[in-house]
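# Fold and geometry: a report
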Amino acid sequence: MKTFPFHGIPSLLLVTAISFLLPSCVFFHDTVAFNGLGKMPAVKTPVPKVEIDTNITVGTLLGGSVKSHKPYNIRLYYMDDTFTFATIEITALTVTYADGSHDTGAAALKLPMRVQSTVYESYNSMAGGAVVVNKSRILDAHLSDTIQRDEPFTLSIKGQFIKDNGTIIPFKITEKYDMTRDKRTESWADFVSGC
């Protein structure tokens, strides 16, 4: 009688090892987040949305450090579904801390800064397998290394949208941000379930 080796043993051992290993993998968080306080007042003219990017990195997918890295960045973006705006221009930007000092990273920006719009496509699956493509313009300005400190601040931005026909629509943003720090340890299962 001829016998055949069971080739599934290495796979079985690997799955068993992973099932014991993953629960012991941990993530060590040391991140910050900046959240706008209050609501932006209603305006009749367009205003870009603001995001603060704290440059979060993850050591490995099996555990390690989850960390924010200074200096942080500011992103301004506006979705133009009307295909009206060709450019966004930032003319002034300040980051002011509670002690009255201004961030040197924001002060070092070379302004005015102009960013051209690009076409953005989104896809929606419909019943029957049809795919609908929606197009819009996105005005997306990335302002790197603008926040140097882990502290609450007030952000002031002045700028303008420039239409295809050359018409200028100014905007102004003044918003206060608080800062929260996340220092905790998290299991692999909790980290993956939060993704």
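In what follows, the accompanying structure is described. The structure displayed is predicted, hence computed values, not measured ones.

## What about the overall build of the protein chain?
- When you go through the protein chain residue by residue, the secondary structure sums to three helices and eleven strands.
- N-terminal to C-terminal, the α/β element order of the protein chain is α-β-β-β-β-β-β-α-β-β-β-β-β-α.
- By the burial criterion, 31% of the 195 residues in the protein chain qualify as buried.
- Within the protein chain, contacts between residues separated by at least 24 positions form 71% of all contacts whose residues are at least 6 apart in sequence.
- When the accessible surface of the protein chain is summed, it comes to about 12300 Å², and 60% of that surface belongs to carbon and sulfur atoms.

## Observations regarding the pattern of salt bridges
- In this structure the tally under the stated criterion is 13 salt bridges.
- Where Asp 30 meets Lys 67, a salt bridge forms, and the shortest distance between an N and an O atom there is 3.4 Å. Residue Asp 30 is located in strand β1 (residues 26-36), and its partner Lys 67 is located in strand β4 (residues 63-67); the two are separated by 37 residues in the primary sequence.
- A salt bridge links Glu 89 to Arg 114, with the nearest nitrogen and oxygen atoms 3.1 Å apart. With Glu 89 in strand β6 (residues 85-97) and Arg 114 in strand β7 (residues 113-116), this residue pair connects regions lying 25 residues apart in the sequence.
- When salt bridges with common partners are traced through the structure, they connect Asp 30, Lys 67, Lys 70, Asp 150, Arg 181 and Lys 183 into a single cluster.

## A closer look at the pairing of β6
- Judged from the eleven bridges that link them, β6 and strand β10 (residues 153-163) form a sheet pairing that is antiparallel. Across the sheet, residue Thr 94 finds its bridge partner in β10, namely Ser 156.
- As paired elements, β6 and β7 share four bridges and run antiparallel to each other. The partner of Ile 90 across the bridge, within β7, is Met 113.

## Description of the sheet that holds β10
- Ordered by their spatial adjacency, seven strands build an open sheet running β3-β4-β1-β11-β10-β6-β7, and the pairing between neighbours is mixed. Each end of this open sheet is capped by a strand with a single partner; those strands are β3 (57-60) and β7. On average, adjacent strands in this sheet sit at an angle of 25° to one another, irrespective of strand direction.

## Side note on the side chain of Glu 175
- Inspection of the secondary structure assignment puts Glu 175 in strand β11 (residues 168-187).
- There is a polar contact of 3.3 Å between the side chain of Glu 175 and the side chain of Tyr 177.

## Structural notes on the environment of Lys 163
- Structurally, Lys 163 can be placed in strand β10.
- Owing to a relative accessible area of 25%, Lys 163 belongs among the partly exposed residues under this scheme.
- Separated by 80 residues in the primary sequence, Lys 163 and Phe 83 have C-alpha atoms spaced 9.0 Å apart.
- Setting aside anything within four residues of it in sequence, one finds Lys 163 in contact with Thr 84, Phe 85, Ala 86 and Ile 169.

## Topic: unusual backbone geometry
- Cis geometry marks the peptide bond from Lys 70 to Pro 71, where omega comes out at -5°.
- If you trace the backbone, Pro 71 turns up in the loop between β4 and β5 (72-80).
- Residue Pro 112 follows Leu 111 across a cis peptide bond; omega there is 5°.
- Positive phi outside glycine occurs at Phe 83, with the angle close to 55°.
- Tracing the backbone shows Phe 83 in the loop between β5 and β6.
- For Phe 83, a relative accessible area of 32% puts it in the partly exposed group.
- With a phi angle near 55°, Asp 145 is a residue other than glycine that sits in the positive phi range.
- Within the fold, Asp 145 resides in strand β9 (residues 131-147).

What counts as what
Residues numbered from 1 in each chain as written. Predicted model: local features only at pLDDT ≥ 70, side-chain atom pairs only at ≥ 80, totals over all residues. Heavy atoms only, no water. Helix = DSSP H or I, 4+ residues; strand = E, 2+ residues; numbered from the N terminus. Buried < 20%, exposed > 50% of the residue type's maximum accessible area, 1.4 Å probe, protein only. Contact = heavy atoms within 4.5 Å. Areas by Shrake-Rupley, 256 points an atom, 1.4 Å probe, with all protein chains shown as cover. Salt bridge = Lys/Arg side-chain N within 4 Å of Asp/Glu carboxyl O. Pairing = 2+ DSSP bridges. Axes fitted to C-alpha atoms, helices over the stretch in contact; angles between N-to-C directions. Polar contact = N/O pair within 3.5 Å; in protein donor to acceptor, adjacent residues only side chain to side chain.

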